[in-house]
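Given next are the chains, with one letter for each unit.
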Amino acid sequence: MMRADLDALDLAPAADLLRSTLGTVHTCAVLHARAGGAVVGEIAVGERVPGGVPATADSIFDLASLTKLFTGTTLLALFDRRAVALDDPVVGVIPEFAGRDPRRRRVTFRHLLTHASGLPAHVNLREEIGAAAVIERVCSTPLSFAPGADVIYSDLGFMLVGEAIERISKLPLADAVQSLVADPLGIEDVSFRPAARMRERVVCTENDRWRGRLLSGEVHDENCWAMGGVAGHAGLFGTAASVADLAEAYREGGAIEQRRVLARPTTMLAVRESALSKDGQERRGLAWGLKVSDASSCGARFSMRSYGHTGYTGTSVWVDPRRRLTVALLTNRVHLSRNPDPVRALRIAIHDAVAEAVDASS
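Below: a short report on this structure. Bear in mind that the values here come from a model prediction, so they are computed numbers and not experimental data.

**Considering the state of the cysteines**
Thinking step 1. Under the defined criterion, the tally for this structure stands at zero disulfides.
Thinking step 2. We note that Cys28 lacks a disulfide partner, and the nearest cysteine sulfur, in Cys204, lies 7.6 Å from it.
Thinking step 3. Assessed through its relative accessible area of 0%, Cys28 is described here as buried.
Thinking step 4. The closest cysteine sulfur to the non-disulfide-bonded Cys139 is located on Cys224, 17 Å from its own sulfur.
Thinking step 5. According to the relative accessible area criterion, Cys139 is buried, its value standing at 6%.

See the structure below:
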């Protein structure tokens with residue numbers, strides 16, 4: 001990837017924000033920013049494990065719901081290959097999803113990718129054993145509303161996306177994500193259940209009372225853990241640069257550095273509004289979230305054309321196509337607290353600071 005002259009961009013305010021929130025919002029964080037395709041800043045603060053090795057730009061984080069961007073892209077890659085259509089009914093691939101509610105037969109893959117399926121946001125499935133048992137429970141979970149009638153961000157919907165990918169591609173989900181997304185883009189540092197070569201760079205998450213141990217290289221999300229660490233909604237580990245690579249592929253119309261993952265029309269569709277919640281607080285593309293207001297986690301300065309995603313462990317990525325700007329911010333905020341407010345405030349402040357720096361240098 002290209003690297004810009006870092007002296008042209010003043011990211012000292014962003015670095016100060018990350019350092020000042022060490023020990024209160026997170027114990028480790030990496031910021032990776034690109035403008036016009038060039039890296040304009042990489043900042044790493046804290047330690048991968050408290051009292052251990054300092055963080056570096058290539059530190060590996062539990063990406064949490066940023067996984068949805070990779071699995072969503074995998075399904076879209078299958079769409080480009082005409083293996084599936086967005087308006088195909090989910091029951092055509094996962095027939096056991098039908099149940100007794102006739103509305104379920106109207107749920108499409110577009111509904112899953114836009115969180116408009118009617119499935120609830122979350123159900124605790126951590127006591128289930130294995131992916132098959134979890135999917136069985138998801139398939140029997142009642143709909144909260146008619147498909148397309150509203151938007152409720154749903155982990156369950158993306159569990160079905162992961163299951164559908166396996167059945168359509170005839171590959172395990174981890175292999176499908178690797179072969180259809182990571183390999184075409186040349187992304188090396190993203191993986192479910194990180195291998196030994198990645199472990200020494202992994203950042204810890206929560207000191208989990210339920211599991212009785214500090215989690216490091218083990219997925220934080222309990223439903224994904226019940227599925228063996230591989231799921232459509234969570235489970236991937238990766239670096240800030242690997243997340244930025246995927247985001248840049250969308251900003252560049254489906255490819256980076258002549259490595260193509262999606263057709264240009266597919267990427268344009270994915271980052272355009274396809275669903276809007278009744279209260280107007282959720283604008284959804286295909287897997288991507290779209291900026292709603294200045295209170296969005298990308299801050300006030302990012303344009304209203306911006307799209308991105310957040311992850312429960314403290315991760316996020318946002319793209320502002322007007323500025324040709326991509327910002328990946330990975331933290332381990334759950335190591336200190338599950339309260340979302342501090343990391344939300346940090347995200348807003350960081351994105352405002354980076355956007356201000358880009359504007360000042362242009």
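**Examining the side chain of Ser59**
Thinking step 1. Within the element layout of this structure, Ser59 appears in the loop between strand E3 (38–46) and strand E4 (61–62).
Thinking step 2. Here Arg48 takes part through its side chain, which lies 3.0 Å from a polar atom of the side chain of Ser59.
Thinking step 3. Of the polar contacts made by the side chain of Ser59, one reaches the backbone oxygen of Thr56; its length is 2.9 Å.
Thinking step 4. Once residues within four sequence positions are removed from consideration, Ser59 is found in contact with Val30, Arg48, Arg201, Val203, Gly238 and Thr239.

**Concerning empty space enclosed by the protein**
Thinking step 1. Tallied over the entire structure, the rule returns one cavity of 30 Å³ or more.
Thinking step 2. Volume-wise, the largest cavity comes out at about 40 Å³.
Thinking step 3. Taken together, Thr24, Val25, Arg333, Ser337, Asn339, Pro342 and Val343 make up the lining of the largest cavity.
Thinking step 4. Of the residues in the lining of the largest cavity, the class split is three nonpolar, three polar and one charged.

**Some thoughts on the layout of surface pockets**
Thinking step 1. Counted as a void, the largest pocket has a volume near 1100 Å³.
Thinking step 2. Taken together, 41 residues make up the lining of the largest pocket; nearest its centre are Ser65, Tyr153, Thr310, Gly311 and Tyr312.
Thinking step 3. Of all the secondary structure elements, the ones that give two or more residues to the lining of the largest pocket are helix H8 (222–226), strand E12 (283–284), strand E13 (289–290), strand E14 (307–311) and helix H11 (340–361).
Thinking step 4. Per element, the largest residue contribution to the lining of the largest pocket is five residues, and it comes from H11.
Thinking step 5. The class makeup of the residues in the lining of the largest pocket is twelve nonpolar, 15 polar and 14 charged.

**Brief notes about unusual backbone geometry**
If a residue is not glycine, its phi is most likely negative; likewise, a peptide bond is most likely trans.
Thinking step 1. Located in the positive-phi region is Ala64, a residue other than glycine, with phi close to 55°.
Thinking step 2. Mapped onto the secondary structure, Ala64 falls in the loop between E4 and helix H2 (67–80).
Thinking step 3. A positive phi is found at His115, a non-glycine position, where the angle reads about 60°.
Thinking step 4. Looking at where His115 falls in the secondary structure, it is placed in the loop between helix H3 (109–113) and helix H4 (131–139).

**Here we look at the nonpolar core**
Thinking step 1. If you look at the biggest cluster of nonpolar residues, it comprises 83 residues, and the most contacted ones within it are Phe70, Leu75 and Phe97.
Thinking step 2. Considering every element that reaches this core, the biggest residue donor is helix H5 (residues 155–169), with eight residues.
Thinking step 3. Residues in contact with Phe70, not counting those within four places in the same chain, are Leu63, Val177, Val181, Ile187, Val190, Leu236, Ser242, Val243 and Leu246.
Thinking step 4. In terms of nonpolar packing, the next biggest core, distinct from the first, is built from 26 residues, Leu11, Ala29, Val40 and Cys298 among them.

**Side note on the pairing of strand E2 (residues 28–35)**
Thinking step 1. Buried residues dominate E2, accounting for seven of its eight residues.
Thinking step 2. Summarising the sheet, E2 and E3 pair through eight bridges and their orientation is antiparallel. Note that in E3 the partner of Ala35 across the bridge is Ala38.
Thinking step 3. As paired strands, E2 and strand E16 (residues 325–331) are joined by seven bridges and run antiparallel to one another. In the sheet register, Ala35 faces E16, and the bridge partner there is Leu325.

Definitions and cut-offs
- Residues numbered from 1 in each chain as written.
- Predicted model: local features only at pLDDT ≥ 70, side-chain atom pairs only at ≥ 80, totals over all residues.
- Heavy atoms only, no water.
- Disulfide = S-S within 2.5 Å.
- Buried < 20%, exposed > 50% of the residue type's maximum accessible area, 1.4 Å probe, protein only.
- Helix = DSSP H or I, 4+ residues; strand = E, 2+ residues; numbered from the N terminus.
- Polar contact = N/O pair within 3.5 Å; in protein donor to acceptor, adjacent residues only side chain to side chain.
- Contact = heavy atoms within 4.5 Å.
- 1 Å grid on protein atoms, 1.4 Å probe; cavity = no way out; pocket = protein on both sides within 12 Å on 5 of 7 lines; lining within 4 Å.
- Points joined across faces, edges and corners; volume = space filled by probe spheres on them.
- Nonpolar A, V, L, I, M, F, W, Y, C, P; charged D, E, K, R; others polar.
- Core = buried A, V, L, I, M, F, W, Y, C linked by side-chain atoms within 4.5 Å.
- Pairing = 2+ DSSP bridges.

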